[in-house]
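# Structure assessment
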Amino acid sequence: MTTSLPITDRPAARVPAVARAVSLLDLLARERRPMSMAGLAAALKLPRSSVHGLCGTLLDCGYLRRVDNGALQIGPGVMTLAAAFVASTHVAAEFDALWREAPAPDETLILSVLNGADVVYVGVRNSARPLGLAFSLGMRLPAWVAGTGKAMLAWLPPDEVRALVPPGATDLDALLAELAETRERGYAVDDGHVRDGVYSIAAPVLDAAGRPVAGIAVCLNQATVDADKRERHQRLVTQAARTLSRRLGAREDTR
């Protein structure tokens, strides 16, 4: 007689077609450029017939779209998933609550979370100024490039950082040295790496165990940054990060 495992203990059944579809979407998300079906098939090492079927289904569902030359890129359907993810993310709700009673900020504020080796923007309060710098929910960037990503990575053990960053993606020794400096001063800086002309200051949001669960950043016009403005916004973003951290159960001494 065989004994069935409780359903929570059973190995997860992996559906090959679903896994291939997810791999295809992940590839397009990483590449951030349209790709032909032949290019997708080669990159994924799948038969063209399989990729043709996957793309047809994802096109019908709105998760892919064609560009003028017939190549494929991520479609608008993924925004529904992104919105649902944002709505279910507790720290995003706390970020929104933090600014609910405040006027629109002079500078853009963003909140991101780690998703693998990337950061995903789950909260944005764009500047009220006409020439303010606009960012969008659902944007993805490599964590070692974005200010919020570096703020979170700085509070992870070096071994975890090494495991997260793909081989050859960046100078790992230089990154680890930068992250050590970031943790020492309490905030990260991105000086034009994400966008030309954008200077950002970012701090980590920590949970009760002292683990980074999000990063919050203020984004400034690089041309307008002076010592006084840098100091004022550094205080603003680190205080906001501390407030969110306390709301998530973090202790002051976790920093």
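- Looking at an unreviewed UniProt entry, the chain carries the name IclR family transcriptional regulator, with the source organism given as Rubrivivax benzoatilyticus.

### As for the overall build of the chain
- Broken down by element type, the chain carries nine helices and eight strands.
- Sorting the 255 residues of the chain into buried and exposed places 41% on the buried side.
- The contacts of the chain with a sequence gap of at least 6 include a subset with a gap of at least 24, amounting to 53%.
- Surface accessibility of the chain: about 13,900 Å² in total, with carbon and sulfur atoms responsible for 54%.

### Here we look at a nonpolar patch on the surface
- The grouping of Val-15, Val-18 and Val-22 at the surface amounts to a nonpolar patch, some 240 Å² of accessible area in total.
- Looking at where Val-22 falls in the secondary structure, it is placed in helix 1 (residues 16–31).
- Taking the relative accessible area as the measure of exposure, Val-22 reaches 42% and is therefore partly exposed.

### Focus on unusual backbone geometry
- Of note, Lys-45 is a non-glycine position whose phi angle comes to about 55 degrees, a positive value.
- Within the element layout of this structure, Lys-45 appears in the loop between helix 2 (37–44) and helix 3 (48–61).
- Overall, the relative accessible area of 72% leaves Lys-45 in the exposed class.

### Section: the pairing of strand 8 (residues 212–221)
- Taking burial as the measure, the 10 residues of strand 8 include eight buried ones, the bulk of the element.
- As judged from the five bridges shared by strand 3 (residues 108–115) and strand 8, these two strands associate in the antiparallel manner. Opposite Leu-111, over in strand 8, you have Ile-216 as the bridge partner.
- In the sheet, strand 7 (residues 198–206) pairs with strand 8 via nine bridges, with the strands oriented antiparallel. For Ala-203, the partnering residue across the bridge sits in strand 8 and is Ile-216.
- Hairpin remark: strand 7 followed by strand 8, antiparallel, with five residues in the connecting loop; positive phi at Gly-210, about 80 degrees.

### A look at the packing of helix 2 against helix 3
- At a minimum axis distance of 9 Å, the contact between helix 2 and helix 3 shows a crossing angle of 115 degrees. Helix-helix and strand crossings are classified by hand; for helix 2 and helix 3 the assignment is right-handed. Residues Met-37, Ala-38, Leu-40 and Ala-41 of helix 2 touch helix 3, and the partners they reach there are Arg-48, Val-51, His-52 and Cys-55.
- Broken down by class, the residue content of the contact of helix 2 with helix 3 amounts to six nonpolar, one polar and one charged.

### Description of the nonpolar core
- Within the largest apolar cluster, 27 residues are counted, with the highest numbers of intra-cluster contacts made by Ile-110, Val-119, Phe-135, Leu-153, Val-161 and Leu-179.
- Of all the secondary structure elements, the ones that give two or more residues to this core are strand 4 (118–125), helix 6 (147–153), helix 8 (172–185), strand 7 and strand 8.
- If sequence neighbours within four positions are ignored, Leu-153 has contacts with Ala-143, Trp-144, Val-161, Leu-164 and Leu-179.
- If you look at the next biggest cluster of nonpolar residues, it comprises 24 residues, including Phe-95, Val-189, Val-218 and Leu-244.

### Describing the pattern of salt bridges
- Enumeration over the complete set of coordinates arrives at nine salt bridges.
- Notably, a salt bridge pairs Glu-107 with Lys-229, separated by 3.2 Å at the nearest N-O pair. On the criterion of sequence distance, the pair formed by Glu-107 in the loop between helix 5 (90–99) and strand 3 and Lys-229 in helix 9 (residues 227–247) is long-range, its members being 122 residues apart. A single burial state applies to Glu-107 and to Lys-229, both of which are buried.

### Quick look at the side chain of Thr-148
- Looking at the element boundaries, Thr-148 is found in helix 6.
- Under the relative-accessibility criterion, Thr-148 is labelled buried at 1%.

### Regarding the sheet that holds strand 5 (residues 140–142)
- Read across the open sheet, the six strands follow the order 5-4-3-8-7-6; overall the sheet is antiparallel. What marks the edges here is a single partner per strand, and that holds for strand 5 and strand 6 (188–191). Each strand of the sheet is rotated relative to its neighbour by a mean of 30 degrees, with strand direction disregarded.
- Helix-sheet contacts for helix 9 involve strand 3, strand 7 and strand 8, and the interaxial angle to strand 7 is about 25 degrees.

Cut-offs used in this document
Residues numbered from 1 in each chain as written. Predicted model: local features only at pLDDT ≥ 70, side-chain atom pairs only at ≥ 80, totals over all residues. Heavy atoms only, no water. Helix = DSSP H or I, 4+ residues; strand = E, 2+ residues; numbered from the N terminus. Buried < 20%, exposed > 50% of the residue type's maximum accessible area, 1.4 Å probe, protein only. Contact = heavy atoms within 4.5 Å. Areas by Shrake-Rupley, 256 points an atom, 1.4 Å probe, with all protein chains shown as cover. Patch = residues over 30% accessible without salt bridge, like charges linked within 9 Å, V, L, I, M, F, W, Y side chains within 5 Å. Salt bridge = Lys/Arg side-chain N within 4 Å of Asp/Glu carboxyl O. Pairing = 2+ DSSP bridges. Axes fitted to C-alpha atoms, helices over the stretch in contact; angles between N-to-C directions. Left-handed = near helix turned anticlockwise from the far one by under 90°. Nonpolar A, V, L, I, M, F, W, Y, C, P; charged D, E, K, R; others polar. Core = buried A, V, L, I, M, F, W, Y, C linked by side-chain atoms within 4.5 Å.

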